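One-letter residues, chain by chain:
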Amino acid sequence: MTNKSELRESIIKGAQLRKARELLELAPEQVALELDITRQDILDWEEDRSQPRLKQLEKLAELYGRGIDYFLKETPPPPRKIEFRGMPGQSVKDLPQQAKAVLARFDELCRNALEVENLLNKKRKVTLTRFKESVPPKTVAESLRKRFGVDNKPLANLRERLEDEGFRIFELLIPDDAFSGFSFWHSEYGPCILLNAGDLKGRRNFTLAHELAHLLYGHESTLCYIPLKLSEVREDIEFKTNQFAVELLLSETGVKEDFRRRQLSITPSVEELGQMAGKWGASIQALGYRLENLDLIQRGYTDTLFETRPKFLRRSRTPKWKRQLGKEFVETTFEAYEKGLISGGKVANGLGITVREAMKEIEQRGHGQG
Amino acid sequence: MKKGKLARELWQYVIDSSALINIEQNKGVKTLSQRKGALLISERIAFEVAYHPAVRKTDPLRQFVAENPQIVTPFQNNEEDEYLRILLQPGIDQGEASVIAIASKRHLPLVIDERDTKATGKAKHHGVSTLSWQKFLETS
């Protein structure tokens, strides 16, 4: 450890160390234990009374899920007052450490994206307006469907549409599926949504719509666990945001017409529901509940499909990094590299890939294959 | 040992990840082995090319670094501070900052992928002379 008096200047910002720790709701004692130092050392670093050595800083970076540069300059504050919804009685504190680290990685992605946009002089415009809590979810969903010009048809490419509207959307693997999605509206990053990359496409899309509702209703930073059986949802806010997601993705008129055209029974098979859900970009569960509410299939039928974790819910492979990060973020990162604004290593680091993979991608783009 | 050979081994170059990968991809890891006496990499570069969890166990650079640990140099004296100061600037990552800091403080040339204009510019800004990996191979 280095005393402040021994330093020519304070390079490491204590306030940044504290922000990183507090986002993960780690007690100084826990961090001290990991680094084999005292609690007082942690507090001294955070109060700029002394500074960690580089090796200690690297350990902190790993533990907090941050790049070293995070601790060297003031960055926008991370999301605060995170509400954990869908798991009654639980808070972020109760999440496994690896799941908490995903929140930090998400914050880092948003920070990197903003940094690259600033270097490129790109400004995001968010034009979607927020709604009062009193506006029914159906009304909000209909106004959005109208805005996107989809009438009663499936709402394709919701993620891309929202990215065009200035939303930052990333997908990361959430260990143990500890939560489904996370969202916050940041003063500098704008609206940000994190989805569990391990979920199937329909479920991810449903979570996206669900998190969108939290943002449009102006809810604080929200971490959501959406159960497989939507009937298990007890919280009013979660019920409302699920309703919004159903209304947004599954147009009442369109779904009724499609159901009749398919001539499905009141107890359709999982495959039949899966095909229809795929067309509408929603999860089987969401479609099932929509059909139940429209009295098109037997009440309570959807839950019976999820008594045990069905085979079709098992993920098959590791998701591709490009899908997780989204086209816009990836393209912006390479644009900044091509303009000489960021280094190759920064590309790799920002995209969470190896330098070799980044170079391969740069090479391919150079040959017009990117 | 011949005089010329000895001179080449005494003159050292700091090298970054992209230059290492380029040499390995274009000339093979044998070429690197032949010049190992002239190479220095930072611990961060070693992590990036060899010990990053996503680097395959069969990766030739992983094996090269593991077999030649003497090429990996920790920071000395005030290089840590210099590293952090370089890292503070936008657009530079830990690997590049680490090799620029070492090259700058030890007055050694830096082998770099010169298409990486950000890293090249930053190195020159710190008074570090850079050369492309192709030029580095020509010096042998």
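These notes cover the structure that comes with them. Since this is a predicted model, take the numbers as computed values, not measurements.

So, how was this worked out
Residues numbered from 1 in each chain as written. Chains lettered and ligands numbered in written order. Predicted model: local features only at pLDDT ≥ 70, side-chain atom pairs only at ≥ 80, totals over all residues. Heavy atoms only, no water. Helix = DSSP H or I, 4+ residues; strand = E, 2+ residues; numbered from the N terminus. Rg over C-alpha atoms; globule rule 2.2 N^0.38 Å. Buried < 20%, exposed > 50% of the residue type's maximum accessible area, 1.4 Å probe, protein only. Arc of directions from axis to C-beta. Contact = heavy atoms within 4.5 Å. Salt bridge = Lys/Arg side-chain N within 4 Å of Asp/Glu carboxyl O. Pairing = 2+ DSSP bridges. Axes fitted to C-alpha atoms, helices over the stretch in contact; angles between N-to-C directions. Parallel < 35°, antiparallel > 145°, perpendicular 65-115°, else oblique. Nonpolar A, V, L, I, M, F, W, Y, C, P; charged D, E, K, R; others polar.

1. Focus on the overall build of chain B
Logical step 1: For chain B, the helix and strand inventory stands at nine helices and five strands.
Logical step 2: Along chain B, from the amino end to the carboxyl end, the secondary structure elements read α-β-α-α-β-α-α-β-α-α-β-α-β-α.
Logical step 3: Taking 14 Å as the expected radius of gyration for a compact globule of 140 residues, we find that chain B reaches 14 Å, a close match to that expectation.
Logical step 4: With the C-alpha coordinates of chain B rotated into their principal frame, the extents come out at 40 × 35 × 30 Å.

2. Topic: helix α11 (residues 270-280) of chain A
Residues and elements named next belong to chain A.
Logical step 1: Taken residue by residue, α11 has Val270, Leu273, Met276, Ala277 and Trp280 as its buried positions. Taken end-on, α11 shows its buried residues confined to a sector of 135°, consistent with a single buried face. Those residues of α11 that are exposed and angled more than 90 degrees off the buried face are Glu271, Gln275 and Gly278.
Logical step 2: Looking at the buried residues of α11, the elements they touch are α9 (236-249), α10 (252-262), α12 (284-293) and α13 (301-305).
Logical step 3: Gly281 lies just past α11 and shows a positive phi near 65°.

3. What about the pattern of salt bridges?
All names here are of chain A.
Logical step 1: Under the counting rule described, the total for this entry stands at 42 salt bridges over all chains.
Logical step 2: Of the charged contacts in the structure, one is a salt bridge between Arg159 and Glu163, with a shortest N-O distance of 3.4 Å. Of this pair, Arg159 and Glu163 both sit in helix α7 (residues 158-164), separated by four residues, roughly a single helical turn.
Logical step 3: On the accessibility criterion, Arg159 (10% relative accessible area) is buried.
Logical step 4: Residues Asp295 and Arg299 are paired through a salt bridge, measuring 3.3 Å at the closest nitrogen-oxygen approach. Of the two residues, Asp295 and Arg299, neither departs from the other in class, the shared state being exposed.
Logical step 5: Residues joined in a network through salt bridges with shared partners are Arg66, Asp69, Lys73, Asp107, Glu108, Arg111, Glu115 and Lys346.

4. Focus on the side chain of Thr31 of chain B
Logical step 1: Mapped onto the fold, Thr31 of chain B is located in helix α3 (residues 29-34).
Logical step 2: Not counting chain neighbours up to four residues away, the residues in contact with Thr31 of chain B comprise Ile23 and Leu137 of chain B.

5. Some remarks on the sheet that holds strand β5 (residues 130-132) of chain B
Residue and element names in this part refer to chain B.
Logical step 1: One open sheet holds the five strands; their spatial order is β3-β2-β1-β4-β5, and the pairing between them is parallel. Lying at the two open borders of the sheet, with one neighbouring strand each, are β3 (72-73) and β5.
Logical step 2: Summarising the sheet, strand β1 (residues 13-15) and strand β4 (residues 110-112) pair through two bridges and their orientation is parallel. In the strand pairing of β4, Ile15 is matched with Val111.
Logical step 3: The strands touched by helix α2 (residues 17-27) within the sheet are β1, β2 (39-42) and β4, with β1 carrying the most contacts at an inclination of about 90°.
Logical step 4: Here helix α4 (residues 43-51) sits on the sheet and contacts β1, β2 and β3; the angle it forms with β2, its principal contact strand, is near 90°.

6. Thoughts on the packing of α11 of chain A against α12 of chain A
Residues and elements named next belong to chain A.
Logical step 1: The contact between α11 and α12 brings their axes to 9 Å, and the two run at 100°. As summarised for this structure, α11 and α12 are arranged roughly perpendicular, according to the angle between their axes. For the pair formed by α11 and α12, the contact residues are Val270, Leu273, Gly274, Met276 and Ala277 on the first element and Ile284, Leu287 and Leu291 on the second.
Logical step 2: Class assignment of the residues belonging to the contact of α11 with α12 gives a composition of seven nonpolar, one polar and no charged.

7. A short note on the sheet that holds strand β3 (residues 83-85) of chain A
All names here are of chain A.
Logical step 1: Spatially, five strands are ordered β3-β7-β5-β6-β4 in an open sheet, and the strand pairing comes out mixed. The open sheet has two edge strands with one neighbour each: β3 and β4 (168-172). Averaged over all neighbouring strand pairs, the angle between strand axes comes to 15°, with direction disregarded.
Logical step 2: Across six bridges, the pairing between strand β5 (residues 181-186) and strand β6 (residues 190-196) is antiparallel. Each residue of the ladder has a partner; that of Phe182, found in β6, is Leu194.
Logical step 3: Along the sheet face, helix α8 (residues 201-216) touches β3, β4, β5, β6 and β7 (222-224) and points at about 150° away from the line of β6.

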